[in-house]
Structures are given as C-alpha cells and as structure tokens.
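Read off the chains here:
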Amino acid sequence: MAYSFPEEVLEHVFSFLKTDKDRNAVSLVCRSWYEIERWCRRRVFIGNCYSVSPEIVIRRFPEVRALEMKGKPHFADFNLVPEGWGGYVYPWIVAMSVAYPFLEEIKLKRMVVTDDTLELISKSFKNFKVLVLSSCEGFTTDGLASIAANCRNLRDLDLRESEVEDLSGHWLSHFPDNCTSLVSLNMSCLGSEVSFSALERLVARSPNLKTLRLNRAVPLEKLSNLLLRAPQLVELGTGAYSAEVRSDTFSNLTEAFSACKHLKGLSGFWDVVPAYLPAMSSVCSGLTWLNLSYATIQSSDLIKLVTQCRNLQRLWVLDYIEDSGLEAVAASCKDLQELRVFPSDPFGAEPNVSLTEQGLVSVSEGCPKLHSVLYFCRQMSNAALVTIARNRPKMIRFRLCIIEPRVPDYLTLEPLDTGFGAIVENCKELRRLSMSGLLTDRVFEYIGTHAKKLEMLSIAFAGDSDLGLHHVLSGCESLRKLEIRDCPFGDKALLANAAKLETMRSLWMSSCSVSFGACKLLGQKMPRLNVEVIDERGPPNTRPESCPVERLYVYRTVGGRRDDMPGFVWNMDQDFSTFRDSQEQENGN
Amino acid sequence: MEGTHHHVQSDDLNFKATELRLGLPGTEITTSSSPKIIININNNNNKRSSPDNNESEEEDDNRVSSAAKSITAPAPKAQIVGWPPVRSYRKNNTAVVVGEEKKTEYVKVSMDGAPFLRKIDLKLYNNNKNGYTELLNGLEKMFNFKIGSEYATAYEDKDGDLMLLGDVPWDMFMATCKRLRIMKGSDARGLGASAV
C-alpha cells in the first residue's frame, strides 16, 4: 500500500460520487477503500425498511446526514395491505437519535409515523432541515406542531399525500417568529384551515421560499395576498380555486400571478370556477409542470389553459380533457415528457367522458419527448399500443389501466398480448410497466424475452398459468419489484425461480394460487428472504397445505425476520409443526 | 450482484414438485382438492376448464369466442377491492363536473283529484326568459285547466316542504324542485293565485 493516496485525498475524490451504485462499487475495491467510503457516506437510501436493521446501517455508516426510506408495499396504496401491517419508523428514529445527532434529512414513503416520532425528531437533531413524508400515516397535526416549534433551521416540510389526523390548523402558528429558513412547504393533504394571518406572516418572513403548496381550505380570495409576498415562488399549489365571481378578486389575482416571474409548477385547483382561470394566463408560458388532477372542469376550459403552456414537460389531468383535449396537447406542448390522465368516475359502469385510446395515440405522435405515461381509459386496441410503441421507442414508464378487468382489444376482441408485446419490444429502455386488459401467458413470454431493463412490473387479472410468471422471473434481468394480484400463478414458477427473488427488492402476490406448502418451502430454504404470508382468515396451518394463501410478500433482507408482525402476518421460516409452542415462546419474550 | 442466477440443488427442493410442465398445476399431486385458480368476480373471463391445455389454434379460437360471448352478456358488477388502482384521496376529491348537465329534468306532476300523475320536463323551459310563465302554460295544457282562484301550483322542494311556485329565481327553483302539485279547491283558495 506504499502507493495509495492519503485518506483525505481519497475522501475528497469520493465526495464527487453521488449515487449509491458508485459508492457501493468503490467500497468493493479493497478494505481500505471500504473503510474510507463508509466513514464519508452521508446519504443512505433504504428501499425496504425491513431489508436491514437500524443497527446494521449505523454500524456501517456512522456519519449519515440524510436518510430516505420506504415501508409498505406499493399495493398498500389501493387498500390491499391491511391496517397494522407494519412500516413503523419509530425504532429507526430512536436508534438514530443516539447515533446521528447531526442528521439533517428524513424522507419517508408509505411508513407509519407517530406524533411521538415527530416529537423525537424535532428534539434529537439540532441541525434538522428536511422532512418529507410521502403517503405516510399515523400522525396528527400535533406532531406537526412539534416540528414547527423545535426545528430551528427547517427548510423543507413536505407532507405529500399523507393521511394526517387533522385536529386543528393551529400547528402552523407554532413556527417561531425567528424562523426564516423555509424553502418548501407542502400542506396540501391537510383538511383544516390554518390561521391565514400566521400563514401570511410565515410566507413574508421566508425569503427563500420556493415551493408553497396550500391546502384546499385556503380561499382563492386570499391567494393574491400570499403571492404578492412571495413573488420568488417556483412551485405553487393553490387552495380551492373558487370564489364568487367578482372583478376585484379577479384583478387582484391576475396582478399577483403576473408578479410571479419564476413560477414553473402549478397544482391544487380544487373546485375550479372556470371564470378565474384566465387570471393565471401570464404564468402559463413559463410552466413546466401543471397538475390539474383535481380540476373538475370540462374539456374546453382545459384546452384553453393547456394550449397556452407551450413549455410544459409534465401534465397531470383528469379524463375530462377527453381525446380532443389531448389532441390539443399534442399540438401545443412539444416538450411534454410525462402525461398522467386520471379517471373522474372510476367506479361508473358507463364512460362519462369521451376519452379513449385515441387521446394517448395523439400525444405519442405529437410529443417527441414523451417517456412517462399513466393512463386510465375504458378501451384499448393492439393497433393503438403498437402505434404508441413505434412512435415512442424511448419510453421509460408505461402504466396503462383499462378500467374494466380482462377487457380485450375492443376492435378485434383478441387479448392485448400483441400490443404490450410491441411496447416491450420497441421500448428497450422501459423501466416500469403496468398492464391491464385481457392478457394471456403470451404477453409474459414477450416481456421475459424483451424487457431486459424492466425494473418494476405490475400485473392484475392476467395470464393463464405458471408459465406466465416463469417467463417474467426467468427473463427479466433487471427486475427489482414485481407485484401481482388476481392471476393464476402458483407454486411451480415461484419455487423454480426462488433464487431470482434474492436479486430483487420484493415480490407481492395477492389472490393468486400460491399454496401454504409452497410458501413454507420457500421460507425454509431461502434464509436470506423473508417470506411473509398475510392472511386474515387465521393461521395458515389451520387449513390444508394446498390451500392458497390470501397474500404473499417476499423480500430479501439481512435483518432477519421482523419483530413487529401483526397477528395476520406469518413468517414462513417458523416451525409450524410446533406452532403453538413457538407462539408462546414469542409471547414470553 | 444483480442478474446472476444461483441454481438450487435439486435435492434441496422437491424437484418434481417444482419442475415446470405444461400440465395444469396440481394435476400430479394426489390431494383431492386442487387450489382454486381464479377468484371470479365477474363471470366474463376465460375459465381454464379444458382438461388438456394444448397450445393449439383451436384453444385460441375458443378463448376469443368465449371472450366475445362474455362481452354480449355482461355479468352484474361487484366492486373489486383496490380496483381500479386509484388512491383513496383521489376518489374523495373528484366531484361531478360543475356544469355537467343532464339533458332532461323530468319531475312528477300531480293534480288534486286526478286519478294518475304526469311527468313534465323542466328543462324545456330552461332557456326562456319567462320560465315560470311557460311552465304554467305547459301545465295548463297538460291538465286542461286554467290557473285562477280554483287552482294553485305548488312544488315540493329538497327538504320535502310544499312551496308556492314563483317565489324564487328560476335557476334556484330548477335546482330544488322535486315534484309539482296542482292544488284545487279550498287549499288553493287559501294560497290565492300563484305568486307568478
């Protein structure tokens, strides 16, 4: 080692490595590089909170400043994971409050966060700056009050899409008068009204505020007051976009918007009164992101708005936009990269709007940079999918939800295998795919053959047999997350590809045909996987071995079996023959 | 690390059990009950009921025709958990489009003493300046009577209260009227002529 650089030099070199991939590679070079790297790693990303324990993380990386972590499986978003499943962050915070006194950032997704957790965060980390809680739950506005009151240097407070028990809006008033550090505030998921004067004062004393996402309760009449105090805003989420139609409100709003020369993103737009839309005209040409997914306005109003936004890169909108609106988008928004079209009436039996596959085809034709799609519709054809695939070979994310399960190509009545096959064959960089409609094992053969860069696949009501699952597990080399519901996939494919599961983050299967026996086998033979059966019918060994389990969640882990499983989750590595004994043993601990 | 496949020893796992065949899952096992393959919510799906699962043209045709059949005879819909995959906060937030209009607005009309009721479409009078006047004309024609001291028109609102016709602006009336009632005799006289 006579020729090696001094530690400080190596550390400095490593400081330019930002991605985990690069840092992990560097730590494998030799022991001394491993040691140097681990002492200077500042950011840790844990995609599955149960894949590792806090102790292991802290032992390896003693000087972490930023933690990002995810908890529940994605299908929890759609109520497929029962309440109480897990994903508690509290043990992590307890451990880190001791080990990482200089922690600055915590970003969590789909985790359970309590008021105690928030209080502990606010008191343990003197330099705490960034709290992002995405789709989290378990806390109330009291917890937010602790954060507001105690985090002296808070920069980001972002509660995106979390479920917060809203006791009152009073939490906002807990920000001390000398708190001037805010850069980003997202309270859009909250229900109750905050004190407007407190909000106004907070905004006025935050010169660095770039992102402000209000909640629905902030009235439109007052929006201009806020905007005039924060003309430097880059992202704005309005409150309810409705008010009595009055010319003074309108002119105030117009003036306020025109003072915002830096606005790039707009969202909010609950309860839109179309008469007020022209007030924001001045900012349209600068917008790169527009989220109209709560705006219940008709196609004509949407078209008027969107066609002014010529620099739009991301558009989220309800299906009220219809095919005609998407045609207008295709003609006007040539920089569009991401399109999400949400259903306005997902449970209605009949279509309530004229939105079909044609809208998506138009956008795929007109927008050369389109690479990310989420599209809800009621009909699809292989021809359309083939056209889309050929138009946009650089597609990265393609999520199509045809609202009725197992619906075939509406023109030919054939399965949509060919269409999705064209997607994976043409779009060689595809990383994420969600499918719907009538699909046979054939589509999975196409996926296994072509989707070599695919990292996440979501399947529902598809396939004929285990062959389908086998194609995916054996063919998709880059697969990290696989989530399946209501498919006839069972034991054979799972067991034959058991080793594959160690190369993935996780596998979710619900309402499939995986038997208890196969789950046990998998759990007992694969010690580096946690094979968890979720079954609300009671212990799986009270039913025959061949009985399919309700839900199965398999993930790789170095943390061993988890110690916080609720009564309806079983780890398959336990010995079910002495089930009662082991249960008592656990209770005794 | 990613992409390497470790082959599991065949004596560790019951190889026969995991060996992939084209047969139906469960056909070799001697247990009497084979696992239910699909949890059927809708009746229109392609059931795997054929005993030999040959990958033949015939099979495909059957599949297509059974799918076609199922399109023409849709089963009653049960709501499936978590489908379509829309997050709950989105479900709560999207209301009916403001201004999304039905094409007709029929309400029942009863006349005291008449053996059966009629129905009238209030939308017919919607774009007129004199909505109420036109409505009354329509009612007079329908029941062959004349508004006067003998008859009065009233309506039942959202709260179930009987209201005299004509007090509120037409739009508000349209939004709150649930049914119309033409009253006759002493009740009518008490109300006097309608407010219109």
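As the structure is a prediction and not an experimental result, all values here were calculated from the model.

Visitor: Any chance you could explain the overall build of chain A here in plain terms?
Guide: What chain A contains, in helices and strands, is 21 helices and 23 strands. For 589 residues, the compact-globule estimate of 2.2 N^0.38 gives 25 Å, and the C-alpha radius of gyration of chain A, at 26 Å, lies within 12% of that figure. With respect to the principal axes defined by its C-alpha atoms, chain A has extents near 75 × 65 × 60 Å. Per-residue burial for chain A yields a buried fraction of 60% across its 589 residues. At a minimum sequence separation of 6, the contacts of chain A that also span at least 24 residues come to 70%. Surface accessibility of chain A: about 22800 Å² in total, with carbon and sulfur atoms responsible for 50%. Of the side chains in chain A, 67 bear a positive and 73 a negative charge, and the two mean positions are spaced by 6 Å.

Visitor: In this structure, what is going on with the UniProt feature "domain: F-box" (unreviewed entry) in chain A? I would like to understand it.
Guide: According to UniProt, the feature "domain: F-box" (unreviewed entry) maps to residues 5-46 of chain A in the numbering used here. Secondary structure over residues 5-46 of chain A splits into 62% helix and 10% strand, and the C-alpha atoms at its two ends are 31 Å apart.

Visitor: Before we go on, may I ask you to explain the environment of L80 of chain A in this structure?
Guide: Structurally, L80 of chain A is set in the loop between β2 (66-70) and α5 (90-99). Given the relative accessible area of 7%, L80 of chain A is considered buried. Separated by 430 residues in sequence, L80 of chain A and S510 of chain A have C-alpha atoms that sit 8.2 Å apart. Ignoring sequence-local partners within four residues, the contact set of L80 of chain A consists of F75, R485, W508, S510 and R551 of chain A together with V81 of chain B.

Visitor: What's the story with unusual backbone geometry in this structure? I'm lost.
Guide: Most peptide bonds adopt trans geometry, and most residues besides glycine take a negative phi value. Cis geometry marks the peptide bond from W83 of chain B to P84 of chain B; its omega dihedral reads -10°. Relative to the helices and strands, P84 of chain B is located in the loop between α2 (57-72) and α3 (88-93). Its identity as a non-glycine residue notwithstanding, N79 of chain A has a phi of 65°, on the positive side. For N79 of chain A, the position within the fold is in the loop between β2 and α5. Classification of N79 of chain A by relative accessible area gives partly exposed; the value is 47%. Positioned with a positive phi, S135 of chain A is a non-glycine residue whose angle comes to about 50°. Secondary-structure assignment places S135 of chain A in the loop between β4 (130-134) and β5 (137-140).

Visitor: Teacher, can you tell me more about the state of the cysteines here?
Guide: Simply put, the disulfide is a covalent bond whose two ends are the sulfur atoms of two cysteines. Residue and element names in this part refer to chain A. One pass over the full model with this rule turns up zero disulfides over all chains. You can see C260 has no disulfide; the closest cysteine sulfur is in C284, sitting 13 Å from it. Exposure remark for C260: the relative accessible area of 5% places this residue in the buried category. Free of any disulfide, C427 has its nearest cysteine sulfur in C476, 14 Å distant. For C427, a relative accessible area of 2% translates into the label buried.

Visitor: In this structure, what is going on with the pairing of strand β14 (residues 338-342) of chain A? I would like to understand it.
Guide: Each regular strand shows side chains that alternate between the opposite faces of the sheet. All names here are of chain A. Buried residues dominate β14, accounting for four of its five residues. Where strand β13 (residues 314-318) and β14 come together, five bridges link them in parallel fashion. Within β14, the residue paired with W316 across the bridge is R340. Note on the crossover from β13 through helix α13 (residues 322-332) to β14: the handedness is right-handed. Taken together, the four bridges between β14 and strand β15 (residues 372-377) define a ladder with parallel strand orientation. Residue pairing across strands places L339 opposite V373, the latter belonging to β15. Regarding the hand of the β-α-β motif, the stretch spanning β14, helix α14 (residues 357-366) and β15 is right-handed.

Visitor: Looking at this model, I keep getting lost on the nonpolar core. Mind explaining?
Guide: Most often, soluble globular proteins keep nonpolar side chains buried together rather than apart. The biggest cluster of nonpolar side chains holds 197 residues, and the ones touching the most others in it are W171, Y241, F257, F398 and L482 of chain A. Sequence-distant contacts of L482 of chain A, that is, excluding residues within four places in its chain, are made with L457, I459, L469, V472, L473, M504, S506, L507 and W508 of chain A. If you look at the next biggest cluster of nonpolar residues, it comprises 21 residues, including I120, L136, W170 and M174 of chain B.

Visitor: Help me understand the packing of helix α6 (residues 115-124) of chain A against helix α7 (residues 141-150) of chain A, please; the structure alone is not making it clear to me.
Guide: The packing of two helices is summarised by the inter-axis angle and the distance between the axes. Residue and element names in this part refer to chain A. Viewed as axis vectors pointing N to C, α6 and α7 meet at an angle of 5°, and their least axial separation amounts to 8 Å. By the angle class used here, α6 and α7 are roughly parallel. Seen from α6, the contacting residues are D115, L118, E119, I121, S122 and K123; seen from α7, they are D142, G143, L144, S146, I147 and N150.

Visitor: Looking at this structure, how should I read the packing of aromatic side chains?
Guide: Each aromatic ring pair is characterised by the separation of its centres together with the angle its planes make. All names here are of chain A. If you walk through the whole model with that rule in mind, you get 24 aromatic pairs over all chains. The interplanar angle of 35° and the centroid separation of 6.5 Å between the aromatic rings of Y50 and Y555 together place this pair among those described as tilted. On the criterion of sequence distance, the pair formed by Y50 in the loop between β1 (43-46) and α4 (54-60) and Y555 in strand β22 (residues 551-556) is long-range, its members being 505 residues apart. Across the pair, exposure class does not vary: Y50 and Y555 are buried alike. Their ring planes at 80° and their centres at 5.5 Å tell us that F444 and F489 sit as a pair that is edge-to-face. Separated by 45 residues along the polypeptide, F444 in helix α17 (residues 441-450) and F489 in the loop between β19 (481-485) and α19 (491-496) bring together distant segments of the chain.

Visitor: I tried to follow the packing of helix α16 (residues 417-426) of chain A against α17 of chain A on my own but got confused; where do I start?
Guide: Residue and element names in this part refer to chain A. Running from N to C, α16 and α17 point in directions that differ by 5°, and their axes come no closer than 9 Å. It follows from the interaxial angle that α16 and α17 lie roughly parallel. Residues D417, T418, F420, G421, V424 and E425 of α16 touch α17, and the partners they reach there are R442, V443, Y446, I447 and H450. In the contact of α16 with α17, the residues fall into five nonpolar, three polar and three charged.

Thresholds applied
Residues numbered from 1 in each chain as written. Chains lettered and ligands numbered in written order. Predicted model: local features only at pLDDT ≥ 70, side-chain atom pairs only at ≥ 80, totals over all residues. Heavy atoms only, no water. Helix = DSSP H or I, 4+ residues; strand = E, 2+ residues; numbered from the N terminus. Rg over C-alpha atoms; globule rule 2.2 N^0.38 Å. Buried < 20%, exposed > 50% of the residue type's maximum accessible area, 1.4 Å probe, protein only. Contact = heavy atoms within 4.5 Å. Areas by Shrake-Rupley, 256 points an atom, 1.4 Å probe, with all protein chains shown as cover. Lys, Arg positive; Asp, Glu negative; His and termini not counted. Charge placed at Lys NZ, Arg CZ, Asp CG, Glu CD. UniProt positions renumbered as here; feature names shortened; annotations may be inferred. Disulfide = S-S within 2.5 Å. Pairing = 2+ DSSP bridges. Right-handed = clockwise from strand over helix to strand, strands pointing away. Core = buried A, V, L, I, M, F, W, Y, C linked by side-chain atoms within 4.5 Å. Axes fitted to C-alpha atoms, helices over the stretch in contact; angles between N-to-C directions. Parallel < 35°, antiparallel > 145°, perpendicular 65-115°, else oblique. Phe/Tyr/Trp six-rings, centres within 6.5 Å; stacked < 30°, edge-to-face > 60°. Nonpolar A, V, L, I, M, F, W, Y, C, P; charged D, E, K, R; others polar.

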